[in-house]
Amino acid sequence: MRDAGFGGDIVLAGSEAVLPYERPHLSKGYLLGTVPRQRLGLRPAGQYRDLGIELMLGEPVADLGIERRTAALESGRMIAWDRLCLATGSGARRLVGFEDGIYLRELPDADALLAEFDRHDELSVVGAGFIGCEVAAAARQKGIGVHVYETLDQPLMRVLGPELGAYLAEVHRAHGVDLRLRADAPPGISPPVLVGAGSQPRTELAERAGLEVDGGIVVDDFGRTSAPDVFAAGDVTRFWSPLFEARIRVEHFQTAQRQGFAVGRAMAGVDEPFTEVPWFWSDQYELNLQYVGAGVAWDETVTRGAFGRPPFSVFYLRRGRLVAAAGINDPRIVSRSRRLMQRRATVSPRDLADPGFDLRSARPA
């Protein structure tokens, strides 16, 4: 909003009592000690002062007050507003029977997990999604025995598909992980237990305010909700993507950040729709997995390079159109795939598979 020329008051209220920070590190470098606590912050405290942003940390919001345009905090304080943005993110999906497990979403959760690493030499992980796989990798790199229970056929099955998922399964097993697929975690498994069973958008405030919610707060490509002057950004939203011609919800940092920029500009009166291709990364052992796309359904896959021997990439197509790409230690191809998708260029499966074909030469349809 400041970059777009907004000169009015900005109040940032949130339930966490610490300055805003980058959550992706919590399941990666923070656990390994390569990203210390002081490097987690999005900005130094002084930059919020320089930007004229009033921080109300440790202040959960109880009610948005849409009719009177005055939000109520749980502390009883009130905040009058002309424009409001909900960026409440997602919470961990809780599993019955694992109420005492660790659900890694915020900094205190990561600190609790590190404390368990110091006390125990074994860890049980429920779920082989991104958080489960990354925590398993970090624990093994710290010499901790790891048991992973996943109900699907392969890790990351819904995003990466069976072949690439099977490859990651073998990577984890090669590093000593006891990976059990198509298996529910049995009751009474030894603590500590890390539960990575997916996320749920934190839509409670939106629902109480009567905003349209459908698997996330429904917004357009400018972040506008169903209520006047009320916006939403980040992984709490289900936003319209002109690129995919569908409403999508993306749970990863880069999209929340980039969509947040677009929504902030729209709140300041600069209407530039968010049209970027989602991108995220995952570090597991010596592998860097990068992915572009929104996890939409595909009907064909194409591999560039020798599958299983990094660097290599897998392309996902739907009715001949590229809808996603995943690279293992192959950031250059992923980056070019992202630009290709952004331009809506068409590439034949044969050219996608050909290492000699320059993806930059593809032309828009």
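So, how was this worked out
Residues numbered from 1 in each chain as written. Predicted model: local features only at pLDDT ≥ 70, side-chain atom pairs only at ≥ 80, totals over all residues. Heavy atoms only, no water. Helix = DSSP H or I, 4+ residues; strand = E, 2+ residues; numbered from the N terminus. Rg over C-alpha atoms; globule rule 2.2 N^0.38 Å. Buried < 20%, exposed > 50% of the residue type's maximum accessible area, 1.4 Å probe, protein only. Contact = heavy atoms within 4.5 Å. Areas by Shrake-Rupley, 256 points an atom, 1.4 Å probe, with all protein chains shown as cover. Lys, Arg positive; Asp, Glu negative; His and termini not counted. Charge placed at Lys NZ, Arg CZ, Asp CG, Glu CD. Core = buried A, V, L, I, M, F, W, Y, C linked by side-chain atoms within 4.5 Å. Phe/Tyr/Trp six-rings, centres within 6.5 Å; stacked < 30°, edge-to-face > 60°. Right-handed = clockwise from strand over helix to strand, strands pointing away. Pairing = 2+ DSSP bridges. Axes fitted to C-alpha atoms, helices over the stretch in contact; angles between N-to-C directions. Polar contact = N/O pair within 3.5 Å; in protein donor to acceptor, adjacent residues only side chain to side chain. Salt bridge = Lys/Arg side-chain N within 4 Å of Asp/Glu carboxyl O.

Describing the overall build of the protein
Along the backbone of the protein there are nine helices and 21 strands. Against the 2.2 N^0.38 benchmark of 21 Å for 365 residues, the protein shows a C-alpha radius of gyration of 22 Å, consistent with a compact globule. Considering only C-alpha atoms, the protein reaches an extent of 60 × 55 × 35 Å along its principal axes. Evaluated residue by residue, the protein yields a buried proportion of 48% over its 365 residues. The contacts of the protein with a sequence gap of at least 6 include a subset with a gap of at least 24, amounting to 58%. For the protein, the accessible surface area stands at approximately 17,500 Å², while carbon and sulfur atoms represent 48% of it. Distance between charge centres in the protein, computed from 43 positive and 48 negative side chains, equals 5 Å.

What about the nonpolar core?
With 89 residues, the main nonpolar core has Leu-86, Leu-113, Leu-123, Leu-160, Leu-164, Phe-315 and Tyr-316 as its most contacted residues. It is helix H4 (residues 130-141) that provides the largest number of residues to this core, a total of seven residues. What Leu-164 contacts, discounting residues up to four positions off in sequence, is Phe-307, Phe-312, Val-314, Tyr-316, Ala-326 and Ile-328. Grouped together as the second largest cluster of nonpolar side chains are 10 residues, Phe-98, Tyr-149, Val-193 and Val-195 included.

Side note on the packing of aromatic side chains
A complete count under the given rule lists nine aromatic pairs for this structure. Both rings, one in Phe-130 and one in Phe-280, keep their centres 4.9 Å apart while their planes meet at 80°; by these two values the pair is edge-to-face. Within this pair, whereas Phe-130 is found in helix H4, its partner Phe-280 is found in strand E17 (residues 279-284), the two being separated by 150 residues in sequence. Where Phe-307 meets Phe-312, the ring centres are 5.1 Å apart and the plane angle is 50°; that geometry is what we call tilted. Given a relative accessible area of 0%, Phe-312 falls into the buried group. An aromatic cluster is defined as three or more aromatic residues linked by ring pairs; in this entry it consists of Phe-130, Phe-280, Tyr-291, Trp-298 and Tyr-316.

Digging into the pairing of strand E10 (residues 178-181)
Residues Leu-179 and Leu-181 point to one face of E10 and are all buried, whereas Asp-178 and Arg-180, pointing to the other face, are not buried. Between the parallel elements strand E9 (residues 145-150) and E10, the chain passes through helix H5 (residues 157-174) in a crossover that is right-handed.

Regarding the sheet that holds E10
Pairing is parallel in the open sheet, where four strands are placed in the order E10-E9-E8-E11. Each edge of the sheet is formed by a strand with only one pairing partner; in this case those strands are E10 and strand E11 (193-195). Each strand of the sheet is rotated relative to its neighbour by a mean of 15°, with strand direction disregarded. Here five bridges tie strand E8 (residues 122-126) to E9, and the two strands are oriented parallel to one another. Bridge pairing in E9 places Glu-122 opposite Gly-145. Sitting on the sheet, H4 touches E8, E9 and E11, and the angle it makes with E9 is about 165°.

Considerations on the side chain of Ser-282
Tracing the backbone shows Ser-282 in strand E17. Here Ser-282 falls in the buried class, since its relative accessible area comes to 0%. Only 3.0 Å separates the side chain of Ser-282 from the side chain of Gln-284, close enough to count as a polar contact. Residues within four places of Ser-282 in sequence aside, it is in contact with Lys-28, Phe-130, Glu-134, Leu-287, Asn-288 and Leu-289.

Remarks on the side chain of Asp-351
Turning to its location among the elements, Asp-351 is positioned in helix H9 (residues 349-353). The side chain of Asp-351 sits in the buried core without any salt bridge; Arg-350 is the nearest counter-charge, 4.3 Å away.

Looking at the pattern of salt bridges
Taken as a whole, this structure holds 18 salt bridges when the rule is applied. A salt bridge links Arg-202 to Glu-106; its shortest N-O distance comes to 3.4 Å. Of the two residues, Arg-202 is situated in the loop between strand E12 (199-201) and helix H6 (204-208) and Glu-106 in the loop between strand E7 (90-92) and helix H3 (107-119); the sequence distance between them amounts to 96 residues. Of the residues examined, Arg-202 reaches a relative accessible area of 27% and is grouped as partly exposed. Put simply, Asp-358 and Arg-360 hold a salt bridge, and the shortest N to O gap is 3.0 Å. The exposure class of Asp-358 is partly exposed, given its relative accessible area of 29%.

Some points on the sheet that holds E17
Spatially, E17-E18-E21-E20-E19 is the arrangement adopted by the five strands of the open sheet, whose pairing is antiparallel. Edge strands, defined here as strands with exactly one partner in the open sheet, are E17 and strand E19 (300-304). Across the sheet, the mean angle from the axis of one strand to that of its neighbour is 20°, orientation sign disregarded. Judged from the seven bridges that link them, strand E20 (residues 312-318) and strand E21 (residues 321-328) form a sheet pairing that is antiparallel. Looking at E21, one finds that Tyr-316 is bridged to Ala-324.

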